[in-house]
Amino acid sequence: MGVEYKIKFAMPTDFNPSVLFNKLSSPIDRASMIEIYNYAVESDGFHFVDHLVSRDVASVALRLFIDEALIHSPFIQIIES
């Protein structure tokens, strides 16, 4: 269980997420081996899941995805599901 977000934006056809991935901290809490967050790169943006394990880690990761979307598009849409 957690909170899911869809970050929609006009993703360039040549989008390379490697720079973004290098900025992300580990999505696994090493002490408990529980997943903190998860994500997927989709054709119309990012799908992000915060598993509510570590607010500090997940919020920084979510912000990185939002910032990345804003680099490529002046308008983004964030939908919480």
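Pairing analysis gives six bridges linking strand S1 (residues 3-8) to strand S5 (residues 45-50), with the strands arranged antiparallel. The residue bridging Lys-8 from the neighbouring strand is Gly-45, located in S5. Sheet analysis places S1 next to strand S6 (residues 77-80), joined by four bridges and oriented antiparallel. Its bridge partner lying in S6, Lys-8 is registered against Gln-77.

On to the sheet that holds S1. Taken in spatial order, the four strands line up as S4-S5-S1-S6 in an open sheet, and their pairing is antiparallel. Bordering the open sheet on either side are strand S4 (37-42) and S6, each of which pairs with just one other strand. Taken pair by pair, the neighbouring strands of this sheet meet at an average axis angle of 15 degrees, ignoring direction. Pairing analysis gives six bridges linking S4 to S5, with the strands arranged antiparallel. Its bridge partner being in S5, Tyr-39 is matched across the sheet by Phe-48. Strands in contact with helix H2 (residues 55-72) are S1, S4, S5 and S6; relative to S5, the strand with the most contacts, it is inclined by about 170 degrees.

Attention shifts here to the nonpolar core. Counting residues in each nonpolar core, the largest one holds 20 residues, and the members touching the most others are Ile-7, Phe-46, Phe-48 and Phe-65. Of all the elements in the fold, those that place two or more residues in this core are S1, S5 and H2. A per-element tally of this core places H2 first, with seven residues. The contacts of Phe-48, once residues within four sequence positions are left out, are Val-3, Glu-4, Tyr-5, Tyr-37, Asn-38, Tyr-39, Ala-58, Ala-61, Leu-62 and Phe-65.

Assignment of secondary structure puts Glu-4 in strand S1. Residue class for Glu-4 comes out partly exposed when judged on its relative accessible area of 32%. Sequence separation of Glu-4 and Phe-48 is 44 residues, and the distance between their C-alpha atoms is 5.7 Å. Contacts of Glu-4, omitting those with residues within four sequence positions, involve His-47, Phe-48, Val-49, Ile-79, Glu-80 and Ser-81. Polar contacts involving the side chain of Glu-4 include one to the side chain of His-47, which spans 2.9 Å.

Criteria and thresholds
- Residues numbered from 1 in each chain as written.
- Predicted model: local features only at pLDDT ≥ 70, side-chain atom pairs only at ≥ 80, totals over all residues.
- Heavy atoms only, no water.
- Pairing = 2+ DSSP bridges.
- Helix = DSSP H or I, 4+ residues; strand = E, 2+ residues; numbered from the N terminus.
- Axes fitted to C-alpha atoms, helices over the stretch in contact; angles between N-to-C directions.
- Contact = heavy atoms within 4.5 Å.
- Core = buried A, V, L, I, M, F, W, Y, C linked by side-chain atoms within 4.5 Å.
- Buried < 20%, exposed > 50% of the residue type's maximum accessible area, 1.4 Å probe, protein only.
- Polar contact = N/O pair within 3.5 Å; in protein donor to acceptor, adjacent residues only side chain to side chain.

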